[in-house]
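A structural walkthrough
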Amino acid sequence: MDLLDPLLLARWQFGLTTLYHFLFVPLTLGMSFTVAIFQTCWFRTANVKWLHLTRFFGKIFLINFAMGVVTGIVQEFQFGMNWSDYSRFVGDVFGAPLAFEGLMAFFFEATFIGLWIFGWDRLPKALHLATIWIAAIGATLSAYFILAANAFMQNPVGYQMSADGRRAELTDIGAVLSNRVVLAAFPHTMFAAFMFTAGVIISVSAWQLARRRNEVMMRSSLRFGLWAMIIAFAGTFLSGDQLGLQMVATQPMKMAAAEALFHTACGADASFSVFTLGTPDGTHELFSIRIPYLLAFLSEHDFSACVEGINDLNAQYAQQWPDLAQQVDGSFAPTLWITYWAFRWMMGLGGIAVLVAIAGLWFTRKGAKREVPQWAWRIAIWSYPLSLLAILVGWVFTEMGRQPWIVFSLMLTQDGVSPGVPGWTVLISLISFTLIYAALAVVEVGLIIRTAKKGPDPLPDPDAPAADRHETPTTVY
Amino acid sequence: MDLAHLWFFIVGFLFVGYFVLDGFDFGVGMSLPFLGKDDIGRRQIINTIGPVWDLNETWVIVAGACLFAAFPEWYATLFSGFYLALLIILLALIARGVSFEYRHQRDSLRWKKGFDTMIVAGSAVPALLWGVAVANIVQGVPLDADHEFTGSLLTLLNPYGLLGGVTTLLLFFTHGVYFVARKTDGQVQQDARRLATWSGLLTIVVAAAFLIWTIVNAEAAGAPLLAVVIVLAAVAAVLLIGSWVANLRGAEGWAFALGALTVVTAVLTLWFALFPNVMPSATDPAYSLTIENASSTDYTLTIMSWAALIFLPLVLLYQGWTYWVFRKRVSRSHIERAAAAH
């Protein structure tokens, strides 16, 4: 293996920087709405508890938001830097949703977040409340456009090939923005983002409650987090099911790879393996736990459906694209151990996260006889990474499962890389990003933990004179 | 004029917006060691752009995305060709952005000093390199028949490119110092005025040399809009001198406004010198990327035009309103009160 292979390095850089960026995106999406909801509660009830919760989770939100902003620019730049031939090929189609994101979503988000942070004492209360809602909606729209661009890579629609075959040309923007993949991927991404946000709220509240601090406020936020987790899980589950159907319809190889299914199987034979042990080379199965019919059901919502296997799909694709088949040595399948395990970890981790929340509701129910034991708090505190890990392996599954294509059915990943950029240049960039990202992760996590442990400002003494209660705080950097 | 030409100027407008807005952010960042005598002073300076630096930076993301959508070939050649320069800019912008947000999170002086250094470096490096990049685009770089850049980072560090870099560095510095003068009070404001007198003078000399060189290049390359280039360059020079005079007379609002217009006209000078190319090839003019051969299809440009037509005015409106909301000066006493309350 050539260590200075630009393709390999460019792929590592994209994977690393994108996953790293996505450490911050879910919390931005979910926490912006959470903070908006808390502030709305304050606006409507005038109960200062909600103001302090808004400020407290707002701080955590902003520490995280800054990282999302600065790592986001890299995303847009590196399409051109590392993937110039890809950019030339898809720019006519793929650029539009990115430009829309900037014009219609990102400007809103960036402007109104500044107004929210510094506007506490400068805007009327209702207007100030509106700024956080606009920022949250801006972030959500932004996610939609990006996912629409990504959906084109999974399932290209709304285009035609140019006369010279050198590029894909946009013919129907409506089709691109209503791609069946994005219609399922968007709710899936949003609900999963709310799961992680709920996980953070649960964890932070549990840490405070385990030490009996700020109990009035933290009990509210804990219950909010627990319910949010359960509702978000339901949404993630249902939209994930829909996304699975779209995946089978548009990228059958990905589903075959998710199950490592070599031969087409129908009905009872289309089983879903919860767990498999194979020989080290992956050719023979030694042991597995299987649920018959489940794969058929997941694929088409039909217990008797047939699920195409990798071998049959490869034969089919080799006929369809004989030239490309040579380039990929006859295999249009992704790396199976990655897709197989990523798919399972995604579902498993998400499942554990919701179990923690259900247990949490039981422990903190009204009329519970005994106090929540410390071990239960500890589990709640340490459960926050579960949904984030599920999200990350979910993306690994989605994007590794797309391989060897960069745009499914149109362009191979190996053909998208920048032809003029030498390997050592990409290596310098990969090392720089790894180092700076690692350093920033330490600072960022440290700041969030510090803020979380410090807790919200304590509630004012109800007997204190009104003048001593600062209801409209000022922000100064 | 067809849609591709229109988009050449819309992309130009977005970059003008970026350089005007983030330009003074860079200047404010670079002015920290000169104007921030103590922590209160430094916080005063940083808070002048606290609410707006993010929206200012967003202009480059929108400009980049529109460049990608409207001119995929330009985007692909430019970003892969100027790889290392852009990498350094990205690293600098990352360092600067987190520093604005994290500096105030802890009270330790060491913590703050570290982030101050990152703000200064993270502002100076892009201020320099954006100028180098744009000057090189206009001058032309080695491109082969496939529109692939065949040079290296060192190719960009030629005399004209470097002069372009020093020009933007000084221009943004002075532009930012005017902004500090306009937005603060007390010692910081007085120091800013004095500093701008000196940096403004230096900027005038360097920018004049750069603008003249740009005109000479444009004439040699047979730029079709040479007359416009000359007029714009002249207007830029007059505005720059005007801002310097305004500062001298203590009219810091005028100084800043004229400084902003200087950036507008200077970037437009380069844009018109570039026309109708988007990346001229120094290897062979036949290999040049032009508005015609780098643009997207009419369908894509039509959709993009509608989006820009509807949303750009809206963006200008709410961003203008944002600046109006934060129009008050960041006074020393305001920071002191906030520090005490903390």
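Residues numbered from 1 in each chain as written. Chains lettered and ligands numbered in written order. Predicted model: local features only at pLDDT ≥ 70, side-chain atom pairs only at ≥ 80, totals over all residues.

**A few points about the overall build of chain A**
Looking only at helices and strands, one finds 15 helices and eight strands in chain A. Relative to the globule expectation of 23 Å for 477 residues, the C-alpha radius of gyration of chain A, 24 Å, shows essentially globular dimensions. Buried residues in chain A amount to 49% of all 477 residues. Here the analysis covers contacts within chain A between residues at least 6 apart in sequence; of these, 77% occur between residues at least 24 apart. (Helix = DSSP H or I, 4+ residues; strand = E, 2+ residues; numbered from the N terminus. Rg over C-alpha atoms; globule rule 2.2 N^0.38 Å. Buried ≥ 20, exposed ≤ 12 C-beta atoms within 10 Å, placed from the backbone. Contact = placed C-beta atoms within 7 Å.)

**Here's the deal with the overall build of chain B**
Looking only at helices and strands, chain B has 14 helices and two strands in total. The globule rule puts the C-alpha radius of gyration for 342 residues at 20 Å, and the 20 Å found for chain B is close to it. Projected onto its principal axes, the C-alpha positions of chain B cover 65 × 40 × 35 Å.

**Quick word on helix α8 (residues 159-183) of chain B**
If you check α8 of chain B, its first and last C-alpha atoms are 36 Å apart, about what 25 residues at 1.5 Å a residue would give, namely 36 Å. Burial analysis of α8 of chain B places 21 of its 25 residues in the buried class, the great majority of the element. (Expected span 1.5 Å × (residues − 1).)

**Description of the interface of chain A and chain B**
Opposite the 56 residues of chain A that make contact, chain B presents 61 residues. Those elements giving two or more residues to the side of chain A that touches chain B turn out to be α2 (48-82), α3 (84-118), β2 (168-170) and α15 (423-454) of chain A. A per-element tally of the side of chain A that touches chain B places α3 of chain A first, with 23 residues. Class assignment for the residues of the side of chain A that touches chain B results in 34 nonpolar, 16 polar and six charged. (Nonpolar A, V, L, I, M, F, W, Y, C, P; charged D, E, K, R; others polar.)

**Section: the pairing of strand β5 (residues 285-291) of chain A**
All names here are of chain A. With respect to burial, β5 is a largely exposed element, only zero of its seven residues being buried. Pairing geometry for strand β4 (residues 272-278) and β5, over six bridges, is antiparallel. Bridged to S273 within β5 is R290. (Pairing = 2+ DSSP bridges.)

**As for the nonpolar core**
In this structure, M229 of chain A together with C66 of chain B are the most contacted members of the largest nonpolar core, which totals 279 residues. Tallying contributions element by element places α3 of chain A first for this core, with 21 residues. With residues up to four places along the chain from it excluded, the contact list for C66 of chain B reads A99 and G102 of chain A together with I10, V11 and L14 of chain B. (Core = buried A, V, L, I, M, F, W, Y, C linked by C-beta atoms within 7 Å.)

**Concerning the environment of Q246 of chain A**
Residues and elements named next belong to chain A. Position of Q246 among the secondary structure elements: in helix α7 (residues 215-250). Counting along the chain gives 163 residues from Q246 to S409, while the straight-line C-alpha distance between them is 16 Å. Apart from the residues lying within four places of it in its own chain, the contact partners of Q246 are R180, V181 and A184.

**Points about the packing of α3 of chain A against helix α3 (residues 53-70) of chain B**
Running from amino to carboxyl end, α3 of chain A crosses α3 of chain B at an angle of 165°, the nearest separation of the two axes being 6 Å. With respect to α3 of chain B, the axis of α3 of chain A lies roughly antiparallel. Of the two elements, α3 of chain A crosses α3 of chain B, and the hand of that crossing is left-handed. Looking at the contact of α3 of chain A with α3 of chain B residue by residue, the class counts come to 15 nonpolar, seven polar and two charged. (Axes fitted to C-alpha atoms, helices over the stretch in contact; angles between N-to-C directions. Parallel < 35°, antiparallel > 145°, perpendicular 65-115°, else oblique. Left-handed = near helix turned anticlockwise from the far one by under 90°.)

**Details of the packing of α2 of chain A against α3 of chain A**
Residues and elements named next belong to chain A. The interhelical angle for the contact between α2 and α3, taken along N-to-C directions, is 160°, at an axis separation of 10 Å. Relative to α3, the element α2 is oriented roughly antiparallel. Remark: the crossing between α2 and α3 carries left-handed chirality. Judged by residue contacts, L62, F65, E76, F79 and G80 of α2 engage S84, Y86, S87, L98, I113 and I117 from α3. A breakdown of the residues in the contact of α2 with α3 according to their chemical character gives seven nonpolar, three polar and one charged.

**Quick word on the confidence of the model for chain B**
Residues and elements named next belong to chain B. On average, residues of chain B score 95 in pLDDT, and 99% of them reach the 70 mark or higher. Confidence, read as mean pLDDT per element, is least for helix α14 (residues 332-341) in chain B (86) and greatest for α8 (97). If you check the scores for this complex, the pTM reads 0.94 and the ipTM reads 0.93. (pLDDT = per-residue confidence, 0-100.)

**Observations concerning unusual backbone geometry**
The omega angle of the peptide bond from Q403 of chain A to P404 of chain A is 10°, so this bond is cis rather than trans. The topology assignment puts P404 of chain A in the loop between α14 (385-400) and β7 (405-407). The omega torsion across F275 of chain B and P276 of chain B is -5°, close enough to zero to call that bond cis. Note that P276 of chain B resides in the loop between α11 (252-274) and β1 (277-279). Although it is not a glycine, H147 of chain B adopts a positive phi angle of roughly 65°. Tracing the chain through its elements places H147 of chain B in the loop between α6 (109-139) and α7 (153-156).

**Points about the environment of F303 of chain A**
Residues and elements named next belong to chain A. Along the chain, the position of F303 falls in the loop between α9 (294-300) and β6 (306-307). Sequence separation of F303 and L389 is 86 residues, and the distance between their C-alpha atoms is 31 Å. Those residues in contact with F303 that lie beyond four places of it in its chain are G267, Y293, A296 and F297.

**Points about the environment of G250 of chain B**
All names here are of chain B. Relative to the helices and strands, G250 is located in the loop between α10 (226-248) and α11. Residue class for G250 comes out exposed when judged on the 11 C-beta atoms lying within 10 Å of it. The spatial distance from the C-alpha of G250 to the C-alpha of E292 is 48 Å, given a sequence separation of 42 residues.

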